[in-house]
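Architecture and fold: a report
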Amino acid sequence: MGTRFLPATKALAKEMLPIVDKPTIQFIVEEARKSGIEDIVVVDGKNKRSIEDHFDSNPELEDNLREKGKDAMLKLVEETTDINIYFIRQSHPRGLGDAVLTAKAFIGDEPFVVMLGDDLNDINSEGKPLTKELIDSYEQTGASTLAVMRVPHEETAKYGVINPSEEVKDGLYNVTNFVEKPAPEDAPSDLAIIGRYVFTPEIFGVLEETKPGKGGEIQLTDAINTLNKTQRVFCPRIQREAL
Ligand code: G1P
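Residues numbered from 1 in each chain as written. Predicted model: local features only at pLDDT ≥ 70, side-chain atom pairs only at ≥ 80, totals over all residues. Heavy atoms only, no water.

Take the pairing of strand 3 (residues 39-44) next. Going residue by residue along strand 3, you find Ile 40, Val 42 and Asp 44 tucked away on one face and Asp 39, Val 41 and Val 43 left uncovered on the opposite face. Where strand 3 and strand 4 (residues 84-89) come together, six bridges link them in parallel fashion. Residue pairing in the sheet places Val 43 in a bridge with Ile 88 of strand 4. (Buried < 20%, exposed > 50% of the residue type's maximum accessible area, 1.4 Å probe, protein only. Helix = DSSP H or I, 4+ residues; strand = E, 2+ residues; numbered from the N terminus. Pairing = 2+ DSSP bridges.)

Okay, here's the thing in structure tokens:
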């Protein structure tokens, strides 16, 4: 159903680019739902109205499919609209940290998940989405938890990278510090942050104090680095392929 929503303009949110037959944001929302998340807030910027339209209802199309008895298609369209999804506009592009902070009033004093719209990954061998794995891990530790993945050393400048202090158990790291997009010669490891995070609400207070970092933006990675000095932050290494 994805391409139906593609506006023929350059002002296209990259999250709306279709993978096979769906815009990527749809995969993200499905991952959230399969992970037991009931309320979703999308922080969007300028030119991202296509995302809101995608999750809006489309009564004409629904009537049409109903009349023609195209039940499978109808179910797909209804699933897209039948979600508690809210939109907040980030008025100035001040970075990922600022985007997360924008959602503070919505989230309040509770743990929450951050899913980046341009990172997709597959379910694991047990059929669990990555976000569900992180939530399960959070429920055991009560600590902020973010997924990392081994990347080729020459690609570290594309990611936040961790400096692991110890492997607490197989594939689960404690971290000395987090570095946003280090050049390969400065990278403390090849373990990259891949766009799925569970946070305790204390991250908001830290973000409020975080000064612009790499690229002049408020970096979520810098805030995590600060949080890690007062609360434990765990990094499980994912065993699956990113898509
Ligand atoms: C963001 C984060 C970075 C992370 C990456 C994952 O960077 O700042 O730490 O590794 O997402 O995709 P972006 O890709 O938005 O520049």
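All residues adjacent to the ligand are Leu 96, Leu 116, Asp 119, Tyr 159, Gly 160, Glu 180, Lys 181, Ile 193, Gln 219 and Thr 221. Interatomic distance of 2.7 Å between a backbone N/O atom of Ile 193 and an oxygen atom of the ligand. In this structure, Thr 221 approaches the ligand through a side-chain N or O atom, which is 3.2 Å from an oxygen atom. Protein contacts shield 78% of the accessible area of the ligand, which totals 380 Å² for the unbound molecule. Residues that form the shell around the ligand fall into these classes: four nonpolar, three polar and three charged. (Near = heavy atom within 4 Å. Polar contact = N/O pair within 3.5 Å; in protein donor to acceptor, adjacent residues only side chain to side chain. Areas by Shrake-Rupley, 256 points an atom, 1.4 Å probe, with all protein chains shown as cover. Nonpolar A, V, L, I, M, F, W, Y, C, P; charged D, E, K, R; others polar.)

Here we come to helix 7 (residues 130-141). Here helix 7 spans 17 Å end to end across twelve residues, near enough to the 16 Å set by a 1.5 Å rise per residue. Along helix 7, the residues that are buried comprise Leu 130, Thr 131, Leu 134, Ile 135, Asp 136, Ser 137 and Tyr 138. As for helix 7, its buried residues are in contact with helix 1 (24-34), strand 5 (112-115), strand 6 (144-150), strand 9 (191-199) and strand 10 (233-236). Phi turns positive, to about 70°, at Gly 142, one or two residues after helix 7. (Expected span 1.5 Å × (residues − 1). Contact = heavy atoms within 4.5 Å.)

Ranked by size, the top nonpolar core spans 27 residues in total, and within it Ile 162, Phe 178, Tyr 197 and Ile 224 carry the most contacts. Elements with a contribution of two residues or more to this core: strand 5, strand 6, strand 8 (172-180), strand 9, helix 8 (202-209), helix 9 (220-230) and strand 10. (Core = buried A, V, L, I, M, F, W, Y, C linked by side-chain atoms within 4.5 Å.)

Quick look at the pattern of salt bridges now. For the coordinates displayed, the defined rule picks out eight salt bridges. A salt bridge links Glu 155 to Lys 158, with the nearest nitrogen and oxygen atoms 3.8 Å apart. The partly exposed category is assigned to Glu 155, whose relative accessible area is 25%. A relative accessible area of 54% means that Lys 158 is categorised as exposed. The closest approach of N and O atoms between Arg 237 and Glu 167, which form a salt bridge, is 3.9 Å. Of the two residues, Arg 237 sits in the segment after strand 10 while Glu 167 sits in strand 7 (residues 160-169), which places them 70 residues apart along the sequence. Among the charged side chains, a network of salt bridges with common partners joins Lys 128, Lys 132 and Asp 136. (Salt bridge = Lys/Arg side-chain N within 4 Å of Asp/Glu carboxyl O.)

Overall, the prediction assigns the protein chain a mean pLDDT of 84, with 84% of residues at 70 or greater. Note that pLDDT drops below 50 for residues 1-12; the model gives that stretch 23 contacts with residues more than four away or on any other chain. (pLDDT = per-residue confidence, 0-100.)

Turning our eyes to something else, we now look at helix 1. Structurally, the α-helix is built with 3.6 residues per turn, so residues lying three or four positions apart point the same way. Of all eleven residues making up helix 1, eight are buried, and the element is well covered by its neighbours. Turning to helix 1, its buried residues number three or more, namely Thr 24, Ile 25, Gln 26, Ile 28, Val 29, Glu 30, Glu 31 and Ala 32. In the stretch just after helix 1, Gly 36 is the one whose phi turns positive, near 90°.

Unlike most non-glycine residues, Lys 181 shows phi in positive territory, near 45°. Note on placement: Lys 181 falls in the loop between strand 8 and strand 9. The partly exposed category is assigned to Lys 181, whose relative accessible area is 32%.

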